[in-house]
Amino acid sequence: MLQQSPVLSSKIKIDVDYDKTDYSERHVSFYTKYSCFTLKALRKSSFQKFLGSMLLSENIEETIVNTIDIEVYPASRKKGNYIAGRCNVFKGNIRIYPKTIKFCNVFRRKFGQEILFAYAGSRARAALIHELLHLKYVSDEEKVRELTKIYFYAYSKNHLAKSSNAVRMCEFIFDAKSFKILQERLKSNKYG
Ligand SMILES: [Zn+2]
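Definitions and limits used
- Residues numbered from 1 in each chain as written.
- Predicted model: local features only at pLDDT ≥ 70, side-chain atom pairs only at ≥ 80, totals over all residues.
- Heavy atoms only, no water.
- Donors = N, O, S within 2.8 Å, 3.2 Å for Na, K, Ca; no water.
- Tetrahedral: all angles 85-135°; square planar, octahedral: opposite > 155°, others 65-115°.
- Helix = DSSP H or I, 4+ residues; strand = E, 2+ residues; numbered from the N terminus.
- Buried < 20%, exposed > 50% of the residue type's maximum accessible area, 1.4 Å probe, protein only.
- Core = buried A, V, L, I, M, F, W, Y, C linked by side-chain atoms within 4.5 Å.
- Contact = heavy atoms within 4.5 Å.
- Pairing = 2+ DSSP bridges.
- Axes fitted to C-alpha atoms, helices over the stretch in contact; angles between N-to-C directions.
- Parallel < 35°, antiparallel > 145°, perpendicular 65-115°, else oblique.
- Left-handed = near helix turned anticlockwise from the far one by under 90°.
- Nonpolar A, V, L, I, M, F, W, Y, C, P; charged D, E, K, R; others polar.
- Expected span 1.5 Å × (residues − 1).
- Patch = residues over 30% accessible without salt bridge, like charges linked within 9 Å, V, L, I, M, F, W, Y side chains within 5 Å.
- Areas by Shrake-Rupley, 256 points an atom, 1.4 Å probe, with all protein chains shown as cover.
- Salt bridge = Lys/Arg side-chain N within 4 Å of Asp/Glu carboxyl O.

Draft legend 1. Quick peek at the coordination of the zinc ion. Distances from the zinc ion to its protein donors, namely His-130 (NE2), His-134 (NE2), Glu-141 (OE) and Glu-141 (OE), fall within the range 2.0 to 2.4 Å. What the four donor atoms of the zinc ion show is an angle range of 54 to 136° at the metal, which sorts the shape as irregular. Here the donor residues of the zinc ion share one chain and are spaced in sequence as H-x3-H-x6-E. Note that His-130 and His-134 are positioned in helix α4 (residues 113-137) at a spacing of four residues, about one turn of the helix. Given the relative accessible area of 9%, His-134 is considered buried.

See the structure below:
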């Protein structure tokens, strides 16, 4: 039976890859803190509630989600981009990855610590939404991306301190141009 309670919380865990020994002490400390922060962001009760209703409206059974692992260290580069998440749809295993320390330092200098925290939490949430949707839409990347934007924006609009921050986060996380197109469509009520 589908439940609307915060069902995924207990499946979210930090997964340390002990094989990655080429990090300095400073990096280990940074990524460890980052993963704890991500864990909190993903387990936040308002977000868990939101995911519960998303799974319900997408008709995705919570039981097909096996594990949600927060990786401590970034995934290896893929086509110049560091990926935010991965999903094994057959096993129901989801992985969420951090941004690199280098990226965070540049971002912090440009926008400040507070926006960096908001961004890191938002990015992890968007990644989890994205990977959960893959469980249903499997390899339909376009559909998953479109829905990720819609769901993430819906959540952020109601749960970030200012709704203008929601737009800003979406512009950081998704490509700003494609997000603008989506906003226009939402305004014209295409998605009800
Ligand atoms: Zn994807």
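Draft legend 2. View of the nonpolar core. Within the largest apolar cluster, 51 residues are counted, with the highest numbers of intra-cluster contacts made by Leu-51, Leu-128, Ile-129 and Leu-132. Excluding anything up to four places from it in sequence, Leu-51 contacts Leu-8, Leu-128, Ile-129 and Leu-132.

Draft legend 3. Seen up close, the sheet that holds strand β4 (residues 93-96). Taken together, four strands build an open sheet; the order of strands is β1-β2-β4-β3 and the sheet is mixed. Where the open sheet ends on each side, the last strands, each with one partner, are β1 (12-15) and β3 (85-88). With direction set aside, neighbouring strand axes in the sheet form an average angle of 25°. Inspection of the sheet shows β1 paired to strand β2 (residues 67-71) by four bridges, in the parallel sense. Bridged to Lys-13 within β2 is Asp-69. Taken strand by strand, helix α1 (residues 25-43) contacts β1, β2 and β4, and its axis lies near 170° from that of β1. Packing against the sheet, α4 makes contact with β1, β2, β3 and β4, and its axis sits at approximately 160° to β4.

Draft legend 4. Geometry of the environment of Ile-115. When you line up the elements, Ile-115 lands in helix α4. The exposure class assigned to Ile-115 is buried, which follows from its relative accessible area of 17%. Measuring from C-alpha to C-alpha, the distance between Ile-115 and Thr-38 comes to 15 Å, with 77 residues separating the pair along the chain. Contacts of Ile-115, omitting those with residues within four sequence positions, involve Phe-107, Arg-168, Met-169 and Phe-172.

Draft legend 5. Structural context of the packing of helix α5 (residues 141-159) against helix α7 (residues 176-187). Orientation of α5 relative to α7, taken along the N-to-C sense of each, is 70°, at an axis distance of 11 Å. By the angle class used here, α5 and α7 are roughly perpendicular. When you trace α5 past α7, the crossing you get is right-handed. The segment α5 lies against α7, with Glu-146, Lys-149, Ile-150 and Tyr-153 engaging Ser-178, Phe-179, Leu-182, Gln-183, Arg-185 and Leu-186. Across the contact of α5 with α7, the residue classes tally to five nonpolar, two polar and three charged.

Draft legend 6. Broad picture of α1. For α1, built from 19 residues, the straight-helix expectation of 27 Å at 1.5 Å per residue is met to within 8% by its first-to-last C-alpha distance of 27 Å. For α1, the set of buried residues is Phe-30, Tyr-31, Tyr-34, Ser-35, Thr-38, Leu-39, Ala-41 and Leu-42. Those residues of α1 that are buried lie in contact with β1, α2 (45-58), β2, β4, α3 (101-111) and α4.

Draft legend 7. View of a nonpolar patch on the surface. A cluster of nonpolar side chains, contributed by Ile-14, Val-16 and Tyr-18, occupies part of the molecular surface with about 300 Å² of accessible area. Along the chain, Tyr-18 turns up in the loop between β1 and α1.

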